[in-house]
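Residue strings, one per chain:
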Amino acid sequence: MTALVAAMVTCAPFATAAEVTVTHSELPGIGAEDGVMRRDPSDVIKVGDLYYVWYSKGTIPPGYDATVWYATSPDGKEWTEKGMALAKGEPGTWEGASVFTPNIMVAEGKYWLFYTGTSIDFKKGFNPDSKIGIAKSDSPDGPWERLATNPALKNSDNKEDFDSHLVDDACLLVRDGKYWFFYKGRQLGKSPGETQMGLAIADKPEGPYVRHEGNPVIPGNHEVLVWPQGKGVAAMIGTTGPKEITNSVLYAEDGLNFTKTHTVKRGPWAGGAYRPEAFTDSGKGELPKWGVEIGRPKGKGKGKLPCIGRYDVEESK
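Here the structure is a predicted model, which is why all the values come from computation and not from measurement.

Asks: Explain the overall build of the chain here, please?
Replies: Looking only at helices and strands, the chain features one helix and 22 strands. Over its C-alpha trace the chain gives a radius of gyration of 18 Å, about what one expects of a compact globule, namely 20 Å for 317 residues. Across its three principal axes, the chain shows a C-alpha extent of roughly 50 × 45 × 45 Å. Buried positions account for 57% of the 317 residues belonging to the chain. Restricting to contacts in the chain with at least 6 residues of sequence separation, those with at least 24 account for 53%. Entry remark: accessible area of the chain is about 13,900 Å², with carbon and sulfur atoms responsible for 50%. Charged side chains in the chain number 37 positive and 41 negative. The centres of these two groups are separated by 4 Å.

Asks: Just to check I follow, could you spell out the pattern of salt bridges for this structure?
Replies: Proximity of charged atoms lets side chains of opposite charge pair with each other. For the structure on display, the rule yields 16 salt bridges. For the salt bridge of R38 with E81, the shortest nitrogen-to-oxygen distance reads 2.8 Å. Of this pair, R38 sits in strand β3 (residues 37-39) while E81 is found in strand β7 (residues 80-86), placing the two residues 43 residues apart along the sequence. By relative accessible area, which is 24% here, E81 ends up partly exposed. Note that D157 and K154 form a salt bridge whose closest N and O atoms lie 2.9 Å from each other. One continuous salt-bridge network, built from bridges that share partners, spans E33, R38, K57 and E81.

Asks: Please clarify how unusual backbone geometry should be interpreted in this entry.
Replies: At the junction of G142 and P143, the peptide bond is cis and its omega measures out at 5 degrees in the coordinates. A cis amide bond links N150 to the next residue, P151, at an omega of -5 degrees. Look at A270: it is not a glycine, yet its phi comes out positive at around 50 degrees. Judged by relative accessible area, which is 13%, A270 ranks as buried.

Asks: Looking at this structure, how should I read the packing of aromatic side chains?
Replies: Given two aromatic rings, their pairing is described by the distance between the two centres and the angle made by the two planes. The tally for this structure, following the rule as stated, stands at 16 aromatic pairs. Plain terms: the ring middles of W94 and Y115 are 5.8 Å apart, the flat faces sit at 20 degrees to each other, and that makes the pair stacked. Of the two residues, W94 sits in the loop between β7 and β8 (98-107) while Y115 sits in strand β9 (residues 110-118), which places them 21 residues apart along the sequence. No difference in accessibility class separates W94 from Y115, as the two residues are buried. Pairwise contacts between aromatic rings join F114, F162, F181, Y183 and Y209 into one cluster.

Asks: Even after reading the chapter, I still don't get the sheet that holds strand β13 (residues 178-186), so can you show me in this structure?
Replies: In a beta sheet, neighbouring strands pair by backbone hydrogen bonds and run either parallel or antiparallel. Strands sit in the order β12-β13-β14-β15 across an open sheet of four strands; the sheet is antiparallel. In this open sheet, the two edge strands, each paired with only one partner strand, are β12 (166-175) and β15 (210-211). Looking at chain direction, β12 and β13 are connected through eight bridges and run antiparallel. Counted as the bridge partner of D168 is K184 from β13.

Asks: Explanation requested: the sheet that holds strand β11 (residues 145-146) in the structure shown.
Replies: Strands sit in the order β8-β9-β10-β11 across an open sheet of four strands; the sheet is antiparallel. Either end of the sheet is taken by a strand with one partner, and the two such strands are β8 and β11. Where strand β10 (residues 131-137) lies against β11, two bridges are found, and the strand directions are antiparallel. The residue of β11 that forms the bridge with K136 is E145.

Asks: Got a minute to help me understand the confidence of the model for the chain in this structure?
Replies: A low pLDDT score tells you not to read the predicted coordinates there in detail. Predicted confidence across the chain gives a mean pLDDT of 92, with 92% of residues reaching 70 or more. Counting contacts from residues 1-7, a segment whose pLDDT is below 50, to residues more than four positions away or on other chains yields seven contacts. Note that residues 11-15 has pLDDT below 50 and, in this model, 11 contacts with residues that lie over four places away or in other chains.

Asks: Please explain the pairing of strand β21 (residues 290-295) as it appears in this structure.
Replies: Side-chain direction in a regular strand flips from residue to residue, so the side chains alternate between the two faces of the sheet. Extensive coverage of β21 is indicated by the burial of six of its six residues. As judged from the two bridges shared by strand β20 (residues 272-273) and β21, these two strands associate in the antiparallel manner. Following the sheet pairing, G272 is matched in β21 by V292. Strand direction decides the pairing type here: β21 and strand β22 (residues 307-316), joined by six bridges, are antiparallel.

Conventions adopted
- Residues numbered from 1 in each chain as written.
- Predicted model: local features only at pLDDT ≥ 70, side-chain atom pairs only at ≥ 80, totals over all residues.
- Heavy atoms only, no water.
- Helix = DSSP H or I, 4+ residues; strand = E, 2+ residues; numbered from the N terminus.
- Rg over C-alpha atoms; globule rule 2.2 N^0.38 Å.
- Buried < 20%, exposed > 50% of the residue type's maximum accessible area, 1.4 Å probe, protein only.
- Contact = heavy atoms within 4.5 Å.
- Areas by Shrake-Rupley, 256 points an atom, 1.4 Å probe, with all protein chains shown as cover.
- Lys, Arg positive; Asp, Glu negative; His and termini not counted.
- Charge placed at Lys NZ, Arg CZ, Asp CG, Glu CD.
- Salt bridge = Lys/Arg side-chain N within 4 Å of Asp/Glu carboxyl O.
- Phe/Tyr/Trp six-rings, centres within 6.5 Å; stacked < 30°, edge-to-face > 60°.
- Pairing = 2+ DSSP bridges.
- pLDDT = per-residue confidence, 0-100.

If you want it as structure tokens, here you go:
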């Protein structure tokens, strides 16, 4: 283990004894459809009798031509696509080429839709310049109003910082009365495989969000999947990052200094989770039991594009 990883993440003695196994299934309504890309789903919230999810929708596999759409479900298994939630920004702006990778926060009686935007059209040699914005609404069905203060988080101006190239993939918690905004970042000159996770905190849901001085808080992970776990914060790490933390669950009682607690088998791909305690600040959060992810359509062919699937989680000790 490198000195950097050892300083940021430690392995609990029982880490190899605790395991999380993930199973995957298709989702009617927002699953595979020829010529249609759906990917990068948000975390799932429940409003009344319906579950809600937001996601990127477009026509190319990477999602860099996308707009943000949403769907609802009575049971988390059968979904109905409701329509577009957020269009691209004005041409030439930081979000003029694509808006994608949404996530949701519920706070102060409103809904806060975080999303990533790029200004560059997708073409050969494409290198994203993504930043993160916020739109708000009184209803999960919209309409959505972009904040005049956008972008809420942009790449660092210091080229030595881990997020000097881009920021992406917001994941939100309410903790100690403040708004915690986890995200992934990449440094100038680094590859996607060298993505790391950062944290920004605000006193209000609209911000301003201030980067934590200890960033990056996790030295890896290409997808940001975080939830409140008891008094602390847990994160599920996929296949990107130092081998000491990949395919694992990490936990930090202070939300900053993470320890490995579980190994993960067949983890979700860019998953969002149903996290009922994410915004309650209750100290009662648990390992999510299910969520949504990027699905892999069966078969091959030009029309086979990413879709939304479901995953379920089982913990063994």
